[in-house]
Amino acid sequence: MAEPNSTFKPIKPKLKPKPKTPNQTPESKYWSSFKNHQIPDLISSITSLTFSPSPPHPFAATHSTSLKIFNPQTLSPSSTISSFSDVVSSASFRCDGLLIAASDLSGLIQVFDVKTRTPLRKLRSHTRPVRFLKYPLHDKLHLVSGGDDAVVKYWDVASETPLLELLGHKDYVRCGDFSPVSHEMCVTGSYDHTVKLWDVRVTGSKTVMEVNHGKPVESVVFLPSGGLVATAGGNSVKIWDFIGGGKMVYSMEGHTKTVTSVCVGRVGKENVEEGREHRVLSVGLDGYMKVFDYGRMKVTHSMRFPAPLMSIGFSPDCGVRVIGSSNGVMYVGKRKTKEENVDTGLRSFWSLGVEEERRVMRPSYFRYFHRGQGDKPKEGDYLVMRPKKVKLAEHDKLLKKFRHKEALVSVLGNKNPENVVAVMEELVARRKLLKCVENLDNEELGLLLMFLQKYSTVPRFSGLLMGLTKKVLEMRVEDIRGSEALKGQIRNLKRSVEEEIRIQHSLQELQGIISPLLRIAGRG
């Protein structure tokens, strides 16, 4: 007998290649870094979300007959305003963050002090429900509103009177926004499919420009440059160049249901180069949030939520993303700031230092010499490493002794297909597999045929086992003919192969049907 191999290593199944999945892009990692928190039990659909322009950027959510203002650090409500007689539809912070205006479906607009929740002004002029209102970015004295009476009103808040009534829409006015570069320019969207640009300095209250979205407009927002506008309606978000005469730049149709709200977000933080890259964030009734890069004209990230989404907001400091759903749940995504990370690190370092100081042991201590085997070594200790004894399975021991046939029979009895195939591959490398098959008795051959019948059609193993099956039939044909038990195994093997062939034919037919449809969809 040959001398046992002293450098023998246990046989291990080969790792099969995993299906390739697309690597996550840096931008996807950025948006995924917003850790989701749920704020439940807000009674009803969250119709509007808005952030304060001033630090620490609290955000307000409108639902039912209430307006709640939340702390962005703790995500808990800091105040609740409930002095409304009807469902609150929209809210907007003033540019200094000290006042907030809110409208309801009775047609009333109220202005509140954020700290004291005191109502300061009540603006009454709309005859139907007010659907949106908006403060300008750099103006503390005026705001714009629109509603189901198809009228857009430009208000002097101090005197509680509308300075202008902007007429032109033929259906409900649902949304609007002020230009980030001029507090005299605003844009509104309506269910008459049109988006109109207004200049409050133009006499006669006439529209400056008009574009047709093609579907009832649910949301509209100015992009930071002031020349581009994003509109949402139907299942599409469209980018318009108002400086270029109202030309449509791009139409993003990634949603499968109505897009309900859009806002502008920023990748990165303030005072950072990447912080200048802005994105359009959209949500819809299909439960998806989409991030659209309008510079490269592509969707860069998508996220699914378990309910239809009604509103979205993004904080000016890029720290918080809030999404409101139709079932009264808010999904708040929050990123850790550097200050929080540093503070957490200092606390961990301090607690670790105290723990180490308490647990330190010196050679002069009695318990130093009675440490257990579970005690971990400290820095500077001299370690004497013992080689770990390798535990061999039964088939590994037999392979080490070059008892090839016994190793194959042993592993066949264990019913672990990965180990069986690994042993077979080792025997192929040693050029002993066919010799082992030739020397098997009828009972052992039955074990092999049973294994082949069960696993030869499995894709992971078929490359080796189908060839082996053919060789077994050629080499042991006489033994198979002389045994009824072996004939039964061959009949089972034949049925398995025929079933696999039938499945493959069906899959090819399906592929032939689907391929033309995919080509047509790709052209569309």
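A brief report on the enclosed structure follows. Residue positions are given per chain, counting from 1 as you read along its sequence in written order. Where totals are concerned, whole chains, interfaces and linings use all residues; where local detail is concerned, this predicted model gives features only for residues with pLDDT of at least 70, and gives and counts side-chain atom pairs only at 80 or more. Water and hydrogen atoms were dropped before computing side-chain values, which therefore reflect all heavy atoms in the structure.

### Notes on the pairing of strand S26 (residues 309-314)
Buried, partly exposed and exposed residues are distinguished by accessible area as a fraction of the type maximum, computed with a 1.4 Å probe on protein chains only: under 20%, between the cut-offs, and over 50%, respectively. Under the DSSP-based scheme used, a helix requires at least four consecutive residues in state H or I and a strand at least two consecutive residues in state E, with every element numbered from the N terminus. Within S26, five of the six residues are buried, which leaves the element mostly enclosed by the surrounding structure. Pairing geometry for S26 and strand S27 (residues 320-325), over five bridges, is antiparallel. Pairing of Phe314 across the sheet is with Arg321, part of S27. Paired strands are those between which DSSP finds at least two bridges. Between S26 and S27, which pair antiparallel and follow one another directly, the connecting turn spans five residues, one of which, Cys318, has a positive phi of 60°.

### Side note on helix H7 (residues 442-455)
Under the 1.5 Å per step criterion, the end-to-end length of H7 is 20 Å for 14 residues, consistent within 8% with the ideal 20 Å. Three or more residues of H7 are buried, namely Glu444, Leu445, Gly446, Leu448, Leu449, Phe451, Leu452 and Tyr455. Counted as a polar contact is a pair of N or O atoms within 3.5 Å, where, for protein atoms, one must be capable of donating a hydrogen and the other of accepting one, and residues adjacent in sequence contribute only when both atoms are in side chains. One side-chain oxygen at the N-terminal end of H7 lies 3.2 Å from the backbone nitrogen of Glu443; it belongs to Asp441. Take the number of residues in a helix, subtract one, and multiply by 1.5 Å to get its expected span.

### Thoughts on the sheet that holds strand S12 (residues 152-156)
Spatial ordering of the open sheet is given by S10-S11-S12-S13, a layout of four strands whose pairing is antiparallel. Edge positions in the sheet fall to strand S10 (130-134) and strand S13 (161-166), since each has one partner strand and no second. The mean inter-strand angle of the sheet, taken between neighbouring strand axes irrespective of direction, is 25°. Pairing analysis gives five bridges linking strand S11 (residues 142-147) to S12, with the strands arranged antiparallel. In the sheet register, Gly146 faces S12, and the bridge partner there is Val152. The convention used is that axes are lines fitted to C-alpha atoms, helices contributing only their stretch in contact, and that angles between N-to-C directions extend from 0 to 180 degrees.

Geometric descriptors of this kind do not, in isolation, establish any biological role.
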